[in-house]
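Here's the letter readout for the chains.
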Amino acid sequence: MAMVVDYKHDSSFPYWTSIRRRFDPDSPFFSSGNLERELLAKQVALDLTEDERNQLEKMIDNDARGVFCPIVGCGARLTSLEDFEDHYIARHTASCSVCSRVYPTSRLLSIHVSEAHDSFFQAKVARGYAMYECLVEGCDLKFKNYKGRQQHLVDKHKFPTSFEFFNKAHPSKKKRLKNQQKRRTHKKDEEASSKMEVENEIIDGLVSAVSKLSTSDSSPSNISFGRRNARGLTFVPRSIQAPREKK
Amino acid sequence: MADDSLASHRRDPIKSSVGNVAAQRRRQNAATVGKERRESLVRAKRLCRVGATGDGDVPVEENDMMTDEEGFLLEDQTSSAVKELKSAVAYQGKGAMQKRVNALRELRRLLSKSEFPPVEAALKAGAIPLLVQCLSFGSPDEQLLEAAWCLTNIAAGKPEETKALLPALPLLIAHLGEKSSLPVAEQCAWALGNVAGEGEELRKVLLSQGALPPLARMMLPNKGSTVRTAAWALSNLIKGPDPKAATELIKVDGVLDAILRHLRKSDEELATEVAWVIVYLSALSNFATGVLVKSDALQPLVERLATSNSLQLLIPVLRSLGNLVAGDSHTTSTVLIPGHEITDGVVKVLVKCLKSDHRVLKKEASWVLSNIAAGSIEHKQLIYSSEAVPLLLRLLSTAPFDIRKEVAYVLGNLCVAPAAGEGKPDLIKENLVSLVQRGCLSGFIDLVRSADIEAARLGLQFTELVLRGMPNGGGPKLVEQEDGIDAMERYQFHENEDLRNMANGLVDKYFGEDYGVNE
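Residues numbered from 1 in each chain as written. Chains lettered and ligands numbered in written order. Predicted model: local features only at pLDDT ≥ 70, side-chain atom pairs only at ≥ 80, totals over all residues. Heavy atoms only, no water.

Outline the overall build of chain A, listing residues and values.
Per the secondary structure count, chain A includes eleven helices and six strands. Per-residue burial over chain A gives 45% buried out of 247 residues. Counted over contacts in chain A with a minimum sequence separation of 6, partners at least 24 positions apart contribute 35%. When the accessible surface of chain A is summed, it comes to about 13,600 Å², and 53% of that surface belongs to carbon and sulfur atoms. (Helix = DSSP H or I, 4+ residues; strand = E, 2+ residues; numbered from the N terminus. Buried < 20%, exposed > 50% of the residue type's maximum accessible area, 1.4 Å probe, protein only. Contact = heavy atoms within 4.5 Å. Areas by Shrake-Rupley, 256 points an atom, 1.4 Å probe, with all protein chains shown as cover.)

What follows is the structure, encoded as structure tokens:
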């Protein structure tokens, strides 16, 4: 059982500690309360309507919480934290139509598609071309293999050692069981089985859509067009592992 | 200073106007996020009233913005008024006093007329030296009053304008003395309060010139508007960031007693100002905090929280309570002993705040609870078994972001034992299991997804507790069910390295290759 546990991470995790927290009187923590004081002190004179009050509160919130998107390379300014989730879903969930993996930028998505699903790409790799681009925009270096690029990211760009661009999947229980079955029956043909896993997951999706239209067989492993595609791919690099399911 | 206008007392309408300006200054200093839009919105709604001096003045209606012409006119009138004052001050003959008072009054009226008093024009015309002269010892009360009033309004302007009062400060401080008439002392206190509210530098000057002791003494009587103004001015004077003034204040004879007395018995408006004094005492000075705690200040604070419905009062009282709990471990360990009446009282009022509609109360009450929950195991159990937990759980999923963060602190602290030396703190498994069963995990995973670093950190830390501490290794599955893996995997492309490492570490450790294999 080869568990990949990075002990370095384990020991340096900042565990929850239960401690008192104190703030200075001019800490931003207190600013909304201070504002109330000022507004209320002038309640008689100010006579703000409910709307105006809400407007003011919103201005305070936005001022306090205007935040920048923390995804590398984005830097978009968001008016509030509540907006972040919408922004993330709109801009950082570029998903691969082949394997459903999700990436935060279209550039990374297209790199993924070349590396994972393009036989032409793999052909060039096989012939010794440096095809694996550095993931950091503007770096422009290219490497002959996945590992080499990986090492570069860690060495030059301080990526964590546990970072995996083409990362492990965390499928649902149903998928995991299926994967286990596949692993048992296709133990020797490792590459082909993982290919099938990729395809089967997509097929599930396609099939359920198709079955709504016609009377096709909904059992995934029997769909012929899936297998045909799997056979179509001649080369699968060893670094490709079981795909991650997009929730 | 919400002075309800008492038409009979002729000074009050002006006071409101001055109070507005003064409050505006206070606001500028208090809120760390002051943006122009916000200020203009507030300012535009400010009522300006002209004093009902019986001269037949007409109150200025709100939103009666001056035209440029009117502005120039006002400036001209102000310059003339200052000139008039100059000659009145120079005049030595019969009726000199009345002449001076009239000239001062005219200037004061002009400086109280609109939202944007012509302070610059007054200063340019040389008002300050004249006003200082009018403050000389032995001057009649009415003269002192009008002069101090003019200075108050000048001090309520821009920073440079406030600074222009420097030559007047020693005299203003002197007239705080017990021999002065109350209205004069009060007006001087008001002017000084505006000056103190301007900034640290001016506070330092005032303190070095001995403003604190006389202002403190003005707080000792049982009632009166003077007490209130003095308390307000003091709150500006001691607000730091240097804690010296706060420490000095609590040491003044009779002050501690007066503060507690007002907190217990006085009307809400006075209690509010005194509460703000306590806020600064407890936030800045460890000495003052200790004194307050030992003198049983918690009791009247709890009492006010239990009985009052005035948000204006509740905020500083709650914060004072929070500061006393946060600032001194003795508060929790020696006063708020689980089982004691005071402790039950505190939890009860904090629950009342959690139930309120007001954002600030919910947020700061959660903060206080989180600090109590950072105490001993008994403290955690006390809160855990109180009415607070169901409220907190609901707030975790429905409240605005800043409240959710504080709530997260409370709930997390309930699940973790007090730190004992090195290494990971122990979990309080029963609490963790129970809270997770009651559905708190999704709220924490939401925090993981937030763009706020502190919130994300909290979310990840709690997730770690769940992954580590749920019985029979059930943590990972629960986290997965709440889309926790997805939330953590987002950090792969996040620019914050700490969060990346935390998230990656958890994913690697608990959702590795073999996750789910042995099902």
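Got a sec to walk through the overall build of chain B? Specific residues and values, please.
Of regular secondary structure, chain B possesses 31 helices and zero strands. In chain B, buried positions account for 62% of the 519 residues. When contacts within chain B are restricted to residue pairs at least 6 apart in sequence, long-range pairs at least 24 apart make up 71% of them. About 19,900 Å² of surface is accessible on chain B, with carbon and sulfur atoms providing 51% of the total.

Just give me the short version of helix α23 (residues 377-384) of chain B, but keep the residues and values in it.
Within α23 of chain B the residues assigned to the buried category are H379, K380, L382, I383 and Y384 of chain B. Buried residues in α23 of chain B make contact with α20 (329-335), α21 (341-355), α22 (359-372), α24 (388-398), α25 (401-415) and α26 (429-437) of chain B.

Lay out the pattern of salt bridges with the relevant residues and their values.
Residue and element names in this part refer to chain B. Tallied over the entire structure, the rule returns 20 salt bridges over all chains. The salt bridge involving K158 is made with E161; its shortest N-O contact spans 3.8 Å. Take K158: its relative accessible area is 44%, and that puts it in the partly exposed class. On the basis of relative accessible area, E161 is assigned to the buried category, the value being 8%. Via salt bridges that share partners, R105, R108, E142 and E146 belong to a single interconnected network. (Salt bridge = Lys/Arg side-chain N within 4 Å of Asp/Glu carboxyl O.)

Residue-level account of the nonpolar core, with values.
Of all hydrophobic cores here, the largest spans 207 residues; its most connected members are L131, L172, L281 and F462 of chain B. Here this core gets eleven residues from one element, more than from any other, and that element is helix α16 (residues 268-284) of chain B. Non-local contacts of F462 of chain B, meaning those with residues more than four positions away in its chain, are made with W16 of chain A together with G412, C415, L432, V436, C440, L441 and F444 of chain B. (Core = buried A, V, L, I, M, F, W, Y, C linked by side-chain atoms within 4.5 Å.)

Quick one: what's the story with the side chain of N323 of chain B, residue by residue and with numbers?
Inspection of the secondary structure puts N323 of chain B in helix α19 (residues 311-327). The exposure class assigned to N323 of chain B is buried, which follows from its relative accessible area of 3%. Leave out the neighbours within four places in its chain, and N323 of chain B touches F30 of chain A together with V279, S282, A283 and W367 of chain B.

Outline the packing of α16 of chain B against helix α17 (residues 286-294) of chain B, supporting the account with residue identities and numerical values.
All names here are of chain B. Axis separation between α16 and α17 bottoms out at 5 Å; the angle between their running directions is 115°. In this structure, α16 uses I278, L281, S282 and L284 to contact α17, whose residues at the interface are N286, A288, T289 and L292. Looking at the contact of α16 with α17 residue by residue, the classes come out as five nonpolar, three polar and no charged. (Axes fitted to C-alpha atoms, helices over the stretch in contact; angles between N-to-C directions. Nonpolar A, V, L, I, M, F, W, Y, C, P; charged D, E, K, R; others polar.)

Could you give an account of the confidence of the model for chain B, with specific residues and numbers?
Residues and elements named next belong to chain B. Overall, the predicted model of chain B reaches an average pLDDT of 86, with 86% of residues at or above 70. Here residues 1-20 is a poorly scored stretch, pLDDT under 50, and it has 55 contacts once near neighbours within four places are set aside; other chains count. Confidence drops under pLDDT 50 across residues 22-63; counting only partners more than four residues distant or on other chains, this segment forms 105 contacts. Two summary scores accompany this predicted model of the complex, namely pTM at 0.75 and ipTM at 0.82. (pLDDT = per-residue confidence, 0-100.)

Any details on unusual backbone geometry? Residues and values, ideally.
With glycine set apart, most residues show a phi of negative sign, and most peptide bonds adopt trans. All names here are of chain B. In the segment running from G240 into P241, the intervening peptide bond is cis, with an omega of 10°. Mapped onto the secondary structure, P241 falls in the loop between α13 (225-237) and α14 (244-251). Even without being a glycine, D483 presents a positive backbone phi close to 60°. Structurally, D483 is set in the loop between α29 (475-481) and α30 (484-489). Residue classification places D483 among the partly exposed residues on the basis of a relative accessible area of 30%.

Run through the packing of aromatic side chains, naming residues and quoting values.
Counted by the stated rule, this structure contains 17 aromatic pairs over all chains. An angle of 15° between the planes, with centres 4.1 Å apart, marks the rings of F23 of chain A and F29 of chain A as stacked. Both residues of the pair, F23 of chain A and F29 of chain A, count as buried. On the numbers, 6.2 Å between centres and 65° between planes, the contact of W190 of chain B with W232 of chain B is edge-to-face. You can see W190 of chain B sitting in helix α10 (residues 182-198) and its partner W232 of chain B sitting in helix α13, a full 42 residues away along the chain. By relative accessible area, W232 of chain B is classed as buried at 0%. Every member of this aromatic cluster is reached through a ring pair, and the members are W16 of chain A together with Y409, F444 and F462 of chain B. Note that K99 of chain B overlies the ring of Y91 of chain B, its terminal NZ or CZ placed 5.1 Å from the centroid. (Phe/Tyr/Trp six-rings, centres within 6.5 Å; stacked < 30°, edge-to-face > 60°. Lys NZ or Arg CZ within 6 Å of the ring centre and 35° of its normal.)

Give me the lowdown on the state of the cysteines, citing residues and values where you can.
Residues and elements named next belong to chain A. Enumeration according to the criterion identifies zero disulfides over all chains in this entry. Cysteine C96 is unpaired, with the sulfur of C99 as its nearest cysteine sulfur at 3.8 Å. Residue classification places C96 among the buried residues on the basis of a relative accessible area of 3%. (Disulfide = S-S within 2.5 Å.)

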